[in-house]
Amino acid sequence: MNLVDDKTIVRQYFNSTGFDRWQRIYGDGKVNKVQLDIRTGHQKTVDTVIEWLQADGNLPGLSVCDAGCGVGSLSIPLAEAGAIVCASDISEKMVAEAYDRSTAVPGKLYNISFAAQDLEALTGNFHTVICLDVLIHYPQNKAAEMIAHLSSIAQSRLILSFAPKTLALTALKKFGELFPGPSKTTRAYQHREADIIKILESNGFVVKRTAMNSTSFYYSRLLEAVRK
Ligand code: SAM
């Protein structure tokens, strides 16, 4: 399967069954145990990024690109904290949901804009580019191109999260593949941390902060890379 196919499938998925599933996981309504576990894990990733950015003390006015923003789980709190946020996603439905959620927060947010766009078509120049849990949709041989593009629009910092490829997780995934249920939808790609760091370094970045956010069903390695 080539990336065009992967991207088309991902876009269709997040505009249909994937939208229904993920907007519930990334919400606060009732969900099943596995989904609740994933919600908790994902929230840890979002909270870690917000903590890092708050700790730097320059969030108000900071230009941030949230590439593959989903329903705005990170974009909206960052905008509430004063960042100037460009939130985009390949799925029209996800980005429309993000917009709706942004209008539901108290007080109007004038510092957030939304676009339905493939992140590899994004243009501009942002202090910080963030891309959370999107690399899971990218095969290993396409990750370098994707990260190079995000690097090209990041002035100072790139924050990425991905499902780490470790022996234990590979075994778990293989075990899961023995029982394909109706919720098995798009392919999930894990990445070796060493590969991601090498790509970041070849684009002029050095890793500054790291975190591992995991629960029983959610595993996400988070890297903050800054220009050398
Ligand atoms: N980053 C969000 C978060 O952490 O809340 C959403 C994560 S969700 C697992 C993955 C998102 O990536 C989906 O909304 C999907 O539509 C989006 N996505 C996948 N491939 C993309 C691409 N090439 N360009 C933009 N968005 C993409």
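Residues numbered from 1 in each chain as written. Predicted model: local features only at pLDDT ≥ 70, side-chain atom pairs only at ≥ 80, totals over all residues. Heavy atoms only, no water.

Labelled according to an unreviewed UniProt entry, the protein appears under the name Magnesium protoporphyrin IX methyltransferase, originating from Microcoleus asticus IPMA8.

The next subject is the pairing of strand β1 (residues 63-67). The side chains of a regular strand alternate, residue by residue, between the two faces of the sheet. Where burial is concerned, most of β1 is hidden: 4 out of the 5 residues are buried. Following the backbone out of β1, through helix α4 (residues 75-80) and into the adjacent parallel strand β2 (residues 84-89), one traces a crossover that is right-handed. Sheet topology places β1 next to strand β4 (residues 126-131); 3 bridges connect them, and they run parallel. If you follow Val-64 over to β4, its bridge partner there is Thr-128. (Buried < 20%, exposed > 50% of the residue type's maximum accessible area, 1.4 Å probe, protein only. Helix = DSSP H or I, 4+ residues; strand = E, 2+ residues; numbered from the N terminus. Right-handed = clockwise from strand over helix to strand, strands pointing away. Pairing = 2+ DSSP bridges.)

Take unusual backbone geometry next. In the Ramachandran plot, Asp-133 falls in the positive-phi region, its phi being about 55 degrees despite a non-glycine side chain. With respect to the secondary-structure elements, Asp-133 resides in the loop between β4 and α6 (140-152).

Near the ligand lie 21 residues; those nearest to it are His-42, Gly-68, Asp-89, Leu-119 and Leu-132. A distance of 2.6 Å is found between a nitrogen atom of the ligand and a backbone nitrogen or oxygen belonging to Gly-68. In the environment of the ligand, a nitrogen atom lies 2.8 Å from a nitrogen or oxygen atom belonging to the backbone of Leu-132. Protein coverage of the free-state accessible area of the ligand, which is 590 Å², stands at 97%. Residue contributions to the shell around the ligand peak at 3 residues, all from helix α1 (residues 3-14). The residue makeup of the shell around the ligand, split by class, is 10 nonpolar, 7 polar and 4 charged. (Near = heavy atom within 4 Å. Polar contact = N/O pair within 3.5 Å; in protein donor to acceptor, adjacent residues only side chain to side chain. Areas by Shrake-Rupley, 256 points an atom, 1.4 Å probe, with all protein chains shown as cover. Nonpolar A, V, L, I, M, F, W, Y, C, P; charged D, E, K, R; others polar.)

Time to look at the sheet that holds strand β3 (residues 112-116). With mixed pairing, 7 strands are arranged side by side in an open sheet as β3-β2-β1-β4-β5-β7-β6. This sheet does not close on itself; its edge strands, each paired only once, are β3 and β6 (205-214). The average angle at which neighbouring strand axes cross in this sheet is 15 degrees, direction not considered. Bridging between β4 and strand β5 (residues 154-162) involves 5 bridges; their strand directions are parallel. Bridge pairing in β5 places Thr-128 opposite Arg-157. Its contacts with the sheet place helix α3 (residues 33-56) against β4, β5, β6 and β7 (219-227), and it is angled at close to 140 degrees to β6. Helix-sheet contacts for helix α5 (residues 92-104) involve β2 and β3, and the interaxial angle to β3 is about 160 degrees. (Axes fitted to C-alpha atoms, helices over the stretch in contact; angles between N-to-C directions. Contact = heavy atoms within 4.5 Å.)

We now examine the state of the cysteines. Taken as a whole, this structure holds 0 disulfides when the rule is applied. Here Cys-65 stays unpaired: no disulfide links it, and the sulfur of Cys-86, its closest cysteine neighbor, is 6.5 Å away. A disulfide-free cysteine, Cys-69 has its sulfur positioned 9.3 Å from the sulfur of Cys-65, the nearest such atom. (Disulfide = S-S within 2.5 Å.)

As a further point, take the nonpolar core. Formed by 26 residues in total, the largest nonpolar core has its most connected members in Val-49, Leu-53, Leu-74, Leu-78, Ile-130 and Ile-159. Grouped together as the second largest cluster of nonpolar side chains are 25 residues, Leu-119, Val-129, Tyr-138 and Ile-196 included. (Core = buried A, V, L, I, M, F, W, Y, C linked by side-chain atoms within 4.5 Å.)

What characterises a pair of aromatic rings is the spacing of the ring centres plus the angle enclosed by the ring planes. A full pass over the atoms with the stated rule returns 3 aromatic pairs. Look at Tyr-13 and Phe-14: their rings are 4.9 Å apart centre to centre, the planes differ by 75 degrees, and that puts the pair in the edge-to-face class. Consider the rings of Tyr-99 and Phe-114, whose centres lie 5.9 Å apart with planes at 90 degrees: the pair is edge-to-face. With Tyr-99 in helix α5 and Phe-114 in strand β3, the pair connects residues that are 15 residues apart, well separated along the chain. The ring of Tyr-110 carries the charged tip of Lys-108 above its face, separated from the ring centre by 5.4 Å. (Phe/Tyr/Trp six-rings, centres within 6.5 Å; stacked < 30°, edge-to-face > 60°. Lys NZ or Arg CZ within 6 Å of the ring centre and 35° of its normal.)

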